[in-house]
Amino acid sequence: MTGATQNRRTDSGTAGREAPYGHSRGSTALSTVGLPDWLDPVVQAARTVRPTQLSRFLPPEDGRGRQSAVLILFGEGPRGPELLLMERAGSLRSHPGQPSFPGGALDPEDGDPHTTGPLRAALREAEEETGLDPAGVQLFGVLPRLYIPVSEFVVTPVLGWWRSPSPVGVVDPAETARVFTVPVADLTDPRFRVTVVHPSGHQGPAFTVESALVWGFTAGVIDRILHFAGWERPWDRSRHVPLDWRA
């Protein structure tokens, strides 16, 4: 599960809210204009889902937590709709070795964390971690902010459409071990769905795809998107996979 994986993807409502400024190479305006029809359920889910429907871990009311953002990027591959994921380097302090969405903490130059800051951060981090060209990404929605207690990150999930795909791969091995795409068809396939059991006793949804075990925050968000978009298929939640004690 190491080394770079190069992927190049070919192509392929109502106007969304407009942000007051753009990324240096990609726009931070939210728009649903021109999205493929299959993304309509995701657009609708983003507009209606409540924080408590996504996770029981919500941002602390006292404002604690480090503001961050992830890019949930949908593209179109040889097998249809797909998601861009990466594997974090094993040497990182936060969530080492875990598959994840591209993303990270907001920098001061990203701007207001309550408006366009997370949009800019999601694009910037995706470019830094995967080599993605932000100019080819159309941002179309934002999910409610969530919380990762173990790292104290307050995370804004930003939804994007890979309108003009670009090559991606490992940019800095100290941050990223692998970059890969996962067909949505595999994420909805019951054969690739399991429940992980953490040594603490916590259980959560997971996916065994592309030689990776996708679990934790990333798997939880994917699970909820599949559910509220109406894409989820019945799967055996009694299939348990234990996590290593170091996870």
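Structure shown above.
So, here is what we can say about the structure in this document. (Residues numbered from 1 in each chain as written. Predicted model: local features only at pLDDT ≥ 70, side-chain atom pairs only at ≥ 80, totals over all residues. Heavy atoms only, no water.)

1. Side note on the sheet that holds strand β9 (residues 193-197)
Strand order in the open sheet made by the 4 strands is β11-β10-β9-β12, with mixed pairing throughout. The open sheet has two free edges, formed respectively by β11 (212-214) and β12 (240-242), since each of these has just one partner strand. Averaged over all neighbouring strand pairs, the angle between strand axes comes to 40°, with direction disregarded. Note: β9 against β12, 3 bridges, orientation parallel. Considered in β12, the bridge of Val196 is made with Val241. (Pairing = 2+ DSSP bridges. Helix = DSSP H or I, 4+ residues; strand = E, 2+ residues; numbered from the N terminus. Axes fitted to C-alpha atoms, helices over the stretch in contact; angles between N-to-C directions.)

2. A look at helix α5 (residues 216-228)
Over its 13 residues, α5 extends 18 Å from the first C-alpha to the last, a length consistent with the 18 Å expected when each residue adds 1.5 Å. Within α5, the full set of buried residues consists of Thr218, Ala219, Gly220, Val221, Ile222, Asp223, Arg224, Ile225 and Leu226. Following α5 by one or two positions, Gly230 has its phi on the positive side, about 80°. (Expected span 1.5 Å × (residues − 1). Buried < 20%, exposed > 50% of the residue type's maximum accessible area, 1.4 Å probe, protein only.)

3. What to know about the nonpolar core
Counting 37 residues, the largest nonpolar core has Ile72, Phe74, Phe140, Leu143 and Leu159 as its most contacted members. Per element, the largest residue contribution to this core is 5 residues, and it comes from α5. Counting 19 residues, the second-largest nonpolar core is a separate cluster that includes Leu30, Met86, Leu106 and Val137. (Core = buried A, V, L, I, M, F, W, Y, C linked by side-chain atoms within 4.5 Å.)

4. Some details on the side chain of Thr195
For Thr195, the location among the structural elements is in strand β9. Of note is the side chain of Thr195, whose polar atom sits 2.9 Å from the backbone oxygen of Arg237. Not counting residues within four places of it along the chain, the set of residues in contact with Thr195 comprises Gln203, Gly204, Trp235, Arg237, Arg239, His240 and Val241. (Polar contact = N/O pair within 3.5 Å; in protein donor to acceptor, adjacent residues only side chain to side chain. Contact = heavy atoms within 4.5 Å.)

5. Considerations on the pattern of salt bridges
A full pass over the atoms with the stated rule returns 12 salt bridges. Residue Arg191 pairs with Asp189 through a salt bridge whose shortest N-O separation is 2.8 Å. Of the residues examined, Arg191 reaches a relative accessible area of 58% and is grouped as exposed. Exposure remark for Asp189: the relative accessible area of 10% places this residue in the buried category. Ionic pairing is found between Asp223 and Arg193, a salt bridge with its closest N-O pair at 2.7 Å. Of this pair, Asp223 sits in helix α5 while Arg193 sits in strand β9, and the two are 30 residues apart along the sequence. Of the residues examined, Asp223 reaches a relative accessible area of 6% and is grouped as buried. Here Arg193 falls in the buried class, since its relative accessible area comes to 1%. (Salt bridge = Lys/Arg side-chain N within 4 Å of Asp/Glu carboxyl O.)

6. Side note on the packing of aromatic side chains
Across all of its chains, the model carries 4 aromatic pairs by this definition. Between Trp38 and Trp161, the aromatic rings sit 5.8 Å apart at their centres with planes inclined by 80°, giving edge-to-face as the arrangement. Taken together, the residues span a long stretch of sequence, with Trp38 in the segment before α1 (40-48) and Trp161 in strand β7 (residues 153-162) at a distance of 123 residues. Of the residues examined, Trp161 reaches a relative accessible area of 1% and is grouped as buried. Here the aromatic rings of Trp38 and Trp231 are separated by 6.4 Å at their centres, their planes lie at 45°, and the arrangement is tilted. Taken together, the positions of Trp38 in the segment before α1 and Trp231 in the loop between α5 and β12 put the pair 193 residues apart, joining distant regions of the chain. One Lys or Arg, Arg178, reaches over the ring of Phe180 and ends 4.2 Å from the middle of that ring. (Phe/Tyr/Trp six-rings, centres within 6.5 Å; stacked < 30°, edge-to-face > 60°. Lys NZ or Arg CZ within 6 Å of the ring centre and 35° of its normal.)

7. Topic: helix α3 (residues 117-130)
Turn by turn, an α-helix covers 3.6 residues, leaving residues three or four places apart pointing in a common direction. For α3, built from 14 residues, the straight-helix expectation of 20 Å at 1.5 Å per residue is met to within 8% by its first-to-last C-alpha distance of 20 Å. The set of residues buried in α3 consists of Gly117, Pro118, Leu119, Arg120, Ala121, Ala122, Leu123, Arg124, Glu125, Ala126, Glu129 and Thr130. Where the residues of α3 are buried, they touch β1 (66-77), β2 (80-88), β4 (103-105), β5 (137-142), β7 and β8 (176-183).

8. Considering the pairing of β2
With 8 of 9 residues buried, β2 is to be regarded as a mostly interior element. As paired strands, β1 and β2 are joined by 4 bridges and run antiparallel to one another. Looking across to β2, one finds that Gly77 is bridged to Gly80. Counted along the chain from β1 to the antiparallel partner β2, the turn is 2 residues long. The sheet contact formed by β2 and β8 spans 7 bridges and is antiparallel. Opposite Leu83, over in β8, you have Val182 as the bridge partner. As defined by bridge partners, β2 adjoins strand β3 (residues 99-100) across 2 bridges and the pair is classed as antiparallel. Within β3, the position partnered with Glu87 by the bridge is Pro99.

None of the figures reported here should be taken as evidence of function without further support.
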